[in-house]
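# Structural characterization, general
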Amino acid sequence: MTLGTKLNKLRTGRNLTQVQIAEKLHISQNAYNKWESDKAKPAMENLMKIADFYETDVYDLLDEKSIVQTNNDKSIGYIEGEVTINNTFSEELIESIIKNQQDITHLVQAQNKLIEGLLKK
């Protein structure tokens, strides 16, 4: 089943119009129509918005064989037919994510020390 067919089923299953969906996603109705009719593919950012809106996983919207993830060039994308779409994440975003993970690790370590101290008392 194509992405467009899945989008159509999700939308009509909720009795929504393309205009309503487009407004929720902050895109034009024309763009959404192209996605639903398989004339164009959404960028990964929009695909994630669609998954959030429909409360589904991004991977459920795509065929397993159409998903491409490349860690060495920090890009994630998907392939549909002969078209490849990639979103490259900026170095700044990646560094921010790493810093947040490090901060969380430090907080957990501090919490563990506090718990150990309480258990010793």
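Parameters and conventions
- Residues numbered from 1 in each chain as written.
- Predicted model: local features only at pLDDT ≥ 70, side-chain atom pairs only at ≥ 80, totals over all residues.
- Heavy atoms only, no water.
- Helix = DSSP H or I, 4+ residues; strand = E, 2+ residues; numbered from the N terminus.
- Contact = heavy atoms within 4.5 Å.
- Areas by Shrake-Rupley, 256 points an atom, 1.4 Å probe, with all protein chains shown as cover.
- Core = buried A, V, L, I, M, F, W, Y, C linked by side-chain atoms within 4.5 Å.
- Buried < 20%, exposed > 50% of the residue type's maximum accessible area, 1.4 Å probe, protein only.
- Salt bridge = Lys/Arg side-chain N within 4 Å of Asp/Glu carboxyl O.
- Axes fitted to C-alpha atoms, helices over the stretch in contact; angles between N-to-C directions.
- Parallel < 35°, antiparallel > 145°, perpendicular 65-115°, else oblique.
- Left-handed = near helix turned anticlockwise from the far one by under 90°.
- Nonpolar A, V, L, I, M, F, W, Y, C, P; charged D, E, K, R; others polar.
- Phe/Tyr/Trp six-rings, centres within 6.5 Å; stacked < 30°, edge-to-face > 60°.

## Considerations on the overall build of the protein
On a plain count of helices and strands, the protein comes out with six helices and three strands. Of the regular secondary structure in the protein, the N- to C-terminal order runs α-α-α-α-α-β-β-β-α. For the protein, the proportion of contacts with a sequence separation of at least 24, taken over those separated by at least 6, is 44%. For the protein, the exposed area adds up to about 8,600 Å²; of that, 52% sits on carbon and sulfur atoms.

## So, the nonpolar core
Leu7, Tyr32, Leu47 and Ile50 are the most contacted members of the largest nonpolar core, which totals 15 residues. Elements with a contribution of two residues or more to this core: α1 (3–13), α2 (18–25), α3 (29–36), α4 (44–53) and α5 (58–61). Ranked by the residues each element gives to this core, the list is headed by α4, at four residues.

## Observations regarding the pattern of salt bridges
Per the counting criterion, the structure on display carries four salt bridges. A salt bridge links Asp38 to Lys41; the nearest nitrogen and oxygen atoms lie 3.0 Å apart. Between Asp103 and Lys99 there is a salt bridge, and its shortest N-O distance comes to 2.9 Å. Placement of the pair is Asp103 and Lys99 together in helix α6 (residues 91–120), with a separation of four residues, close to one helical turn. Classification of Asp103 as partly exposed rests on a relative accessible area of 32%.

## Things to note about the packing of α2 against α3
Two numbers describe how α2 lies on α3: the axes approach to 8 Å, and their chain directions differ by 110°. Between α2 and α3, the angle is such that the two are roughly perpendicular. Between α2 and α3 lies a crossing whose hand is right-handed. On α3, the residues that touch Gln18, Val19, Ile21, Ala22 and Leu25 of α2 are Gln29, Tyr32, Asn33, Trp35 and Glu36. Classifying every residue of the contact of α2 with α3 by side-chain character gives six nonpolar, three polar and one charged.

## So, the packing of aromatic side chains
The final tally for this structure, using the stated rule, is two aromatic pairs. Where Tyr32 meets Trp35, the ring centres are 6.1 Å apart and the plane angle is 65°; that geometry is what we call edge-to-face. With Tyr32 and Trp35 both in helix α3 and three residues apart, this pair spans about one turn of that helix. Centroid distance Phe53 to Tyr54: 5.1 Å. Interplanar angle 80°. Geometry classified as edge-to-face. We classify Tyr54 as buried; its relative accessible area is 3%.

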